[in-house]
Amino acid sequence: MTKITFLGTSSSIPTKTRDNTSFILTHRNKYFLIDCPGSVSYKFLQLGLDFTKIKNIIITHHHPDHLYGIISLIHTQAFQNKILNIFSNNPSVKIIKKLVKLFDLDKSCYPLINYFNVYKKTFFIEIPGLKIQAIKNLHCSESFGIKVFTNKKSFFYSSDTSFSPTILKSAGNIDLIIHDCTASKSFFEKHPSLYKMHTCSLEHADYLKDKPNIKLIPIHFLYINKDEESKVKKELKKLKDRVIFVEDFDEINL
Ligand SMILES: [Zn+2]
Ligand SMILES: [Zn+2]
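Residues numbered from 1 in each chain as written. Chains lettered and ligands numbered in written order. Predicted model: local features only at pLDDT ≥ 70, side-chain atom pairs only at ≥ 80, totals over all residues.

### Considerations on the overall build of the chain
Secondary structure assignment for the chain yields 8 helices and 13 strands. Taking 254 residues into account, the globule formula puts the C-alpha radius of gyration at 18 Å, and the chain, at 18 Å, falls close to it. For the chain, the spread of C-alpha atoms along the three principal axes comes to 55 × 40 × 35 Å. A buried classification covers 43% of the 254 residues belonging to the chain. Here the contacts in the chain between residues at least 6 apart in sequence split such that 58% fall between residues at least 24 apart. (Helix = DSSP H or I, 4+ residues; strand = E, 2+ residues; numbered from the N terminus. Rg over C-alpha atoms; globule rule 2.2 N^0.38 Å. Buried ≥ 20, exposed ≤ 12 C-beta atoms within 10 Å, placed from the backbone. Contact = placed C-beta atoms within 7 Å.)

### What about the nonpolar core?
In terms of nonpolar packing, the biggest core is built from 57 residues, with Leu-33, Ile-34, Cys-36, Ile-57 and Ile-146 touching the most fellow members. Setting aside residues up to four positions removed in sequence, Ile-146 forms contacts with Ile-34, Ile-58, Ile-132, Gln-133, Ala-134, Ile-135 and Tyr-157. (Core = buried A, V, L, I, M, F, W, Y, C linked by C-beta atoms within 7 Å.)

### Thoughts on the sheet that holds strand β4 (residues 54–58)
Pairing within the open sheet is mixed, and its 7 strands lie in the order β6-β5-β4-β3-β2-β1-β13. Since the sheet does not close on itself, it has two edges, and those belong to β6 (112–117) and β13 (251–253), each with one partner. Strand-to-strand twist of the sheet, defined as the mean angle between neighbouring strand axes without regard to direction, takes the value 20°. (Pairing = 2+ DSSP bridges. Axes fitted to C-alpha atoms, helices over the stretch in contact; angles between N-to-C directions.)

### Re helix α7 (residues 201–208)
Buried within α7 we find Ser-201, Leu-202, Glu-203, His-204 and Leu-208. On its buried face, α7 is in contact with β11 (176–180), α6 (185–190), β12 (215–219) and α8 (228–235).

### Side note on the sheet that holds strand β8 (residues 130–136)
The strand order β7-β8-β9-β10-β11-β12 describes an open sheet built from 6 strands, whose pairing is mixed. Strand pairing shows two members of the sheet lacking a second neighbour, β7 (125–127) and β12, which therefore form its edges. Across the sheet, the mean angle from the axis of one strand to that of its neighbour is 15°, orientation sign disregarded. Relative to β11, strand β10 (residues 154–157) runs parallel, the two sharing 3 bridges. Paired with Tyr-157 across the bridge in β11 is Ile-178.

### Some thoughts on the pairing of strand β9 (residues 144–150)
A regular strand carries its side chains on alternate faces of the sheet. Where β8 lies against β9, 7 bridges are found, and the strand directions are antiparallel. When the bridges of β9 are listed, Ala-134 appears paired with Ile-146. Connecting β9 to the antiparallel partner β10 that follows it, the hairpin turn spans 3 residues.

### Looking at the environment of Lys-196
Topologically, Lys-196 is positioned in the loop between α6 and α7. According to the C-beta neighbour criterion, Lys-196 is exposed, with 9 such atoms within 10 Å. Note: C-alpha distance between Lys-196 and Phe-44 (152 residues apart in sequence) is 34 Å.

### Description of the environment of Pro-64
By the secondary structure assignment, Pro-64 is in helix α2 (residues 64–67). C-alpha of Pro-64 to C-alpha of Phe-187: the two residues are 123 residues apart in sequence and 23 Å apart in space.

### Some words on the pairing of strand β2 (residues 22–27)
The buried fraction of β2 is high, at 5 of 6 residues. Examined bridge by bridge, strand β1 (residues 2–8) and β2 share 6 bridges and lie antiparallel to one another. Looking at β2, one finds that Thr-5 is bridged to Ile-24. With 5 bridges joining them, β2 and strand β3 (residues 30–34) adopt antiparallel strand pairing. Counted as the bridge partner of Thr-26 is Tyr-31 from β3. Connecting the antiparallel pair β2 and β3 is a turn made up of 2 residues, with Arg-28 showing a positive phi of about 45°.

### Observations regarding the environment of Phe-124
Summarising the element assignment, Phe-124 is placed in the loop between β6 and β7. C-alpha of Phe-124 to C-alpha of Lys-16: the two residues are 108 residues apart in sequence and 35 Å apart in space. Once you skip the residues sitting within four places of it in the chain, Phe-124 turns out to touch Phe-87, Phe-116, Val-118, Ile-132 and Ala-134.

Listed below in structure tokens is the structure:
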């Protein structure tokens, strides 16, 4: 069985109920953690899961809201986990290596870290029933989204990105998109620099309206204005039940 559990659904600024975006992909009792903000170990405990069993982490880019929790995760795994595989790009690996050194997390009581560059192979993870491919996006240096293939379904997680039909087309046939949906179009129009790095809800509604087989999970919300959540929901309304609004700790079976 393969499932997704959301650990966070907000942008760099959390809300009372939403932490920075990250999720776990659980495949046949193996965890793949996608992005690592906040206290992942604490969230695992809240879900009744064993954080010492996290051995595979994918970091989609080097912004703090996607990787700052990694130091705490390594620290909490002292004496309890031997190996940690980090799949990422050059800018993120450079920062993680520096932080590991700075906090003395390269001692033998901590997991030994193996680094894998996601661009080196077509599928940077390939195990029975699961393949994961990096797809370059439009956000920052070497940033990427991931296309995940299971025996039953495939989905694309965009990570943070400017909206791009080309990226979505390069993801090929997909059943589900988990996509940056930072804010509403009206918010983006007040802050147009956001268009360079993120996606607004109306762009999704326009792109997906004539693609009835694709479901959307919007994520990475910037809800600093009180009415922003309802504006995003209104702009996505035309997609009807093809939009799945998730909260932190929600699960989706694939
Ligand atoms: Zn972000
Ligand atoms: Zn970012």
